[in-house]
Amino acid sequence: MAMSDTLTEAFNDQIGLEFASSHAYLQLAAYFADRSLTGFESWMRAQADEERVHGMKFFDFVLDRGRQVELGPIDAPSSVPASALEAFEIALAHEEKVTASIQRLMALAEAESDAASYSILQWFLTEQIEEEATVGEILGRL
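Given the structure is predicted, the values throughout are model-derived calculations rather than measurements. (Residues numbered from 1 in each chain as written. Predicted model: local features only at pLDDT ≥ 70, side-chain atom pairs only at ≥ 80, totals over all residues. Heavy atoms only, no water.)

Q: Residue-level account of the overall build of the protein chain, with values.
A: When you go through the protein chain residue by residue, the secondary structure sums to 4 helices and 0 strands. What you see in the protein chain, going N to C, is helices and strands ordered as α-α-α-α. Overall, the protein chain is about 50 × 25 × 20 Å in size when its C-alpha atoms are taken along their principal axes. Of the contacts formed within the protein chain by residues at least 6 apart in sequence, a portion of 81% connects residues at least 24 apart. As displayed, the protein chain has an accessible area near 7,500 Å², and 52% of this comes from carbon and sulfur atoms. Taking the average location of the 9 positive side-chain charges in the protein chain and that of its 25 negative ones, the two points are 3 Å from each other. (Helix = DSSP H or I, 4+ residues; strand = E, 2+ residues; numbered from the N terminus. Contact = heavy atoms within 4.5 Å. Areas by Shrake-Rupley, 256 points an atom, 1.4 Å probe, with all protein chains shown as cover. Lys, Arg positive; Asp, Glu negative; His and termini not counted. Charge placed at Lys NZ, Arg CZ, Asp CG, Glu CD.)

Rendered as structure tokens:
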């Protein structure tokens, strides 16, 4: 079952956003590595790996739907934090951006009556709730 061109483009954009998220977390890992904060560095590296896995889930989904994956450029992360607190504020803002993007994808899938997209998007939305809660908890502790 193929997706529309519009939905395919939106999924390809999401793939790029997931890989950009991985890139952003790697930059934050480097920030913590430079400061010998190895626990935070490890956490950020794990998040970077997880975001790449998420990108690949979307990647495979697009291919499984008979559509072409089109990868765009990944920009350098826009912010270098001034503190550990700011690093996690950046992480939370990025997670909120990803959540909003997934919600837009869900609305588009619903508007196009593309039921095949619902389950993967619901899984990702649930994942984003967990991601935001985890980063929020760390921010609260900081």
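Back to the write-up after that little detour.
Q: So what's going on with the pattern of salt bridges? Which residues, and what values?
A: Close approach of charged atoms allows side chains of opposite charge to pair. Overall, the coordinates contain 4 salt bridges when judged by the stated rule. When the shortest N-O distance is used, the salt bridge between glutamate 41 and arginine 45 registers 3.0 Å. Here glutamate 41 and its partner arginine 45 are both found in helix α2 (residues 38–64), 4 residues apart, which amounts to about one turn of the helix. Arginine 65 serves as the salt-bridge partner of aspartate 114, at 3.0 Å between the closest nitrogen and oxygen. Residue aspartate 114 is found in the loop between α3 (84–111) and α4 (115–141), and its partner arginine 65 is found in the loop between α2 and α3; the two are separated by 49 residues along the sequence. (Salt bridge = Lys/Arg side-chain N within 4 Å of Asp/Glu carboxyl O.)

Q: I'd like a rundown of the nonpolar core, residues and numbers included.
A: Ranked by internal contacts, the top residues of the largest apolar core, which has 19 residues, are Phe11, Phe58, Leu105 and Leu121. Counting residues per element, the ones that place at least two in this core are α1 (5–34), α2, α3 and α4. The residues touching leucine 121, leaving out its near neighbours within four places in the chain, are Phe11, Phe58, Ile102, Leu105, Met106 and Ala109. Core analysis: the next-biggest nonpolar cluster, separate from the first, contains 15 residues, Tyr25, Ala29, Phe32 and Ala87 among them. (Core = buried A, V, L, I, M, F, W, Y, C linked by side-chain atoms within 4.5 Å. Buried < 20%, exposed > 50% of the residue type's maximum accessible area, 1.4 Å probe, protein only.)

Q: Tell me about the packing of α1 against α3, and please be specific about residues and values.
A: Each pair of packed helices gets described by two things: the angle between the helix axes and the distance between those axes. Running from N to C, α1 and α3 point in directions that differ by 170 degrees, and their axes come no closer than 11 Å. Of the possible angle classes, the one that applies to α1 and α3 is roughly antiparallel. Taken together, the residues of the contact of α1 with α3 sort by class into 19 nonpolar, 5 polar and 3 charged. (Axes fitted to C-alpha atoms, helices over the stretch in contact; angles between N-to-C directions. Parallel < 35°, antiparallel > 145°, perpendicular 65-115°, else oblique. Nonpolar A, V, L, I, M, F, W, Y, C, P; charged D, E, K, R; others polar.)

Q: Which residues make up unusual backbone geometry, and what values do they have?
A: With a phi angle near 60 degrees, serine 36 is a residue other than glycine that sits in the positive phi range. With respect to the element layout, serine 36 can be found in the loop between α1 and α2. Look at serine 36 and you get exposed, because its relative accessible area is 61%. One non-glycine residue, serine 113, lies in positive phi territory at about 50 degrees. The residue serine 113 is located in the loop between α3 and α4 in this model. Accessibility expressed as a relative area gives 62% for serine 113, which makes it exposed.

Q: Can you break down the side chain of serine 101 residue by residue, with the values?
A: Position of serine 101 among the secondary structure elements: in helix α3. The residues touching serine 101, leaving out its near neighbours within four places in the chain, are Gln14 and Leu17.

Q: Please give an account of the packing of α3 against α4 that cites residues and values.
A: Where α3 contacts α4, the axes come no closer than 9 Å and their chain directions differ by 160 degrees. Here α4 runs roughly antiparallel to α3, going by the angle between their axes. The two elements α3 and α4 cross, and the hand of that crossing is left-handed. Looking at the contact of α3 with α4 residue by residue, the class counts come to 16 nonpolar, 5 polar and 6 charged. (Left-handed = near helix turned anticlockwise from the far one by under 90°.)

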